[in-house]
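# Architecture at a glance
Each chain, letter by letter, is given below.
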There are 2 protein chains.
Amino acid sequence: MSTSSVSQLHVWLKDAHAMEEQAEQMLTAQAKRLEHYPKLKERINQHIEETKSQADRLEGCLKSMDESPSTMKDVSGKFAAIGQAIGGSMASDEVVKGGIASYAFEHFEIANYRALIAAADELGENQIREVCKGILEEEVNMAKWLEDNLDDITKAFLSRAESEALEGKR
Amino acid sequence: MSTSSVSQLHVWLKDAHAMEEQAEQMLTAQAKRLEHYPKLKERINQHIEETKSQADRLEGCLKSMDESPSTMKDVSGKFAAIGQAIGGSMASDEVVKGGIASYAFEHFEIANYRALIAAADELGENQIREVCKGILEEEVNMAKWLEDNLDDITKAFLSRAESEALEGKR
C-alpha cells in the first residue's frame, strides 16, 4: 500500500463527507417546499436522517485513518455549485425537476461510493470498504425509490397543473 | 388534452434539447483530454454521435408539434451551470471524477426522459413517447457501461498514480 494511493483515499473520503453535507442541505430545502406530495416528502425526510448518519460514518472512517476532522473543513462547500446547479432553478414544475435533480445527485453519490469501494478494495482497507458498501446500499435504495415514483409524481403534477389552470390560478 | 399540459410537454422537450447540447459539449471536452484510457475514450466518442442524433430527434418532435426551432434558442445554455459544476473541476484525479460526473449526468438525462415519457403518455402523444423511449435506451446503455467500467477505471488510475509517484512525477 503506497502513500500516494492512501492519500487519494483520504481525499475521496473527505469529498464524500462534503458531498453528504451538500446532500443534507439540498434535501432539507426540498422537503421544506413540498406541500402536495406527502409520500415524496416522507421519503426525503427518511433520507435526510440516513444522510446525516452517512456523514458520521465517513467521519469515523477518516478518524480511523488518523485524519483529524479539522482537516475536513477545507472541502465543505466544494459541492455547493453542483447542488445549486442541480437543485437551484426551481420553477413552476419544481416537484418534477426536483425529483429529477435528486435522482441525478443520488447517482453522483452512487458513483462516488463505487470508486471509493474500488479504491479501498485495492488498498486492503476492508473496514472502509464495508462502511462505503453500507452507504452505497442506502443511496441505491433512494435512487430506486425515486425511479419507481417519478412517473406518478410527473402525472400528479400535470393533473394538478390542469386543475389549477381550470381554477384560473395560472 | 389541455393547453397547459401540452405547453409543459413543449417546455420539457426544449429542456431536453438544451440538455443534449450541454452533454455534447461536456463529452467532447472530456474525450479531448483523455490520453491513457482508450476504451473509455472510444465509448465517449460513440456516445457523442448518439447525443447529436438525439438532439436531432428532439428537434423533430418539436417541429411535429409546430414549435419552430428558433424558439428553442432561449434555453440553450440553461444547463451550462450543471455541466460546469459536474464536469468543471478537473483535478489530478480527473478521469475518475469525470467518469463519476458523466454517470451522474447520464442519470440526469435518464430521469428527464422518464418524466417526458410519462407526460407524453398522459397526453396520448405516442410518437413523442416512442422517440423518448428510444433515446432513454441509449442513455441507460451509456450509464450501464460507465457503471460496469468505473471499478477498472478507478483501479487503473490508482495504479498509474503509483507508477508516476515512483518515477517522481508527482
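Sequence positions are assigned chain by chain, starting from 1 and proceeding in written order. For naming, the first written chain is A and the first written ligand is 1, with later ones following in the order written. pLDDT decides what is reported in this predicted model: residues at 70 or higher carry local features, side-chain atom pairs at 80 or more are listed and counted, and totals for whole chains, interfaces and linings draw on all residues regardless.

Moving on to the interface of chain A and chain B. Residue-level contacts link 30 residues of chain A with 30 residues of chain B. The way it works is that DSSP assigns letters per residue, a run of H or I at least four long becomes a helix, a run of E at least two long becomes a strand, and they are numbered from the N terminus. Of all the elements in the fold, those that place two or more residues in the side of chain A that touches chain B are helix H1 (3-33), helix H3 (80-87), helix H4 (94-122) and helix H5 (126-166) of chain A. Among the elements that make up the side of chain A that touches chain B, the one with the highest residue count is H4(A) (13 residues). For this classification, Asp, Glu, Lys and Arg are treated as charged, while Ala, Val, Leu, Ile, Met, Phe, Trp, Tyr, Cys and Pro are nonpolar and the rest, including Gly, are polar. Counted by class, the side of chain A that touches chain B contains 17 nonpolar, 7 polar and 6 charged residues. By the convention adopted here, residues are in contact when the distance between their C-beta atoms, placed from the backbone, does not exceed 7 Å.

This next bit is on the environment of A:Gln54. Residues and elements named next belong to chain A. Mapped onto the secondary structure, Gln54 falls in helix H2 (residues 38-64). Residues with at least 20 neighbouring C-beta atoms inside 10 Å of their own are called buried, those with 12 or fewer are called exposed, and the rest are partly exposed, where every C-beta is derived from the backbone. You can call Gln54 buried: it has 26 C-beta atoms within 10 Å. The spatial distance from the C-alpha of Gln54 to the C-alpha of Val6 is 21 Å, given a sequence separation of 48 residues. Apart from the residues within four sequence positions on either side, Gln54 is in contact with Glu20, Ile135 and Glu138.

A separate point is the packing of helix H1 (residues 3-33) of chain B against helix H2 (residues 38-64) of chain B. Between two packed helices, what matters for the description is the angle formed by their axes and the separation of those axes. All names here are of chain B. Two elements in contact, H1 and H2, have axes whose closest approach is 9 Å; the angle formed by their N-to-C orientations is 160°. In terms of orientation, H1 lies roughly antiparallel with respect to H2. Crossing angle aside, the handedness with which H1 passes H2 is left-handed. With axes taken as lines fitted to C-alpha atoms, and helix axes fitted only over the stretch in contact, angles between N-to-C directions fall between 0 and 180 degrees. Here the word oblique covers every angle except those under 35 degrees (roughly parallel), over 145 (roughly antiparallel) and from 65 to 115 (roughly perpendicular). Handedness of a crossing follows from how the near helix is turned relative to the far one, being left-handed for an anticlockwise turn of less than a right angle and right-handed for a clockwise one.

Attention now moves to the relation of the copies chain A and chain B. Least-squares superposition of the copies uses the C-alpha atoms of those residues scoring a pLDDT of at least 70 in each of them. Take chain A, turn it by 180°, move it 0.0 Å along the axis, and it overlays chain B with an RMSD of 0.0 Å. On the angle and the small slide along the axis, the relation comes out as a two-fold axis. The C-alpha atom lying nearest the rotation axis in chain A is that of A:Ala104; the distance is 2.6 Å. Both copies contact each other with a shared surface, as 100% of the interface residues of chain A are interface residues in chain B too.

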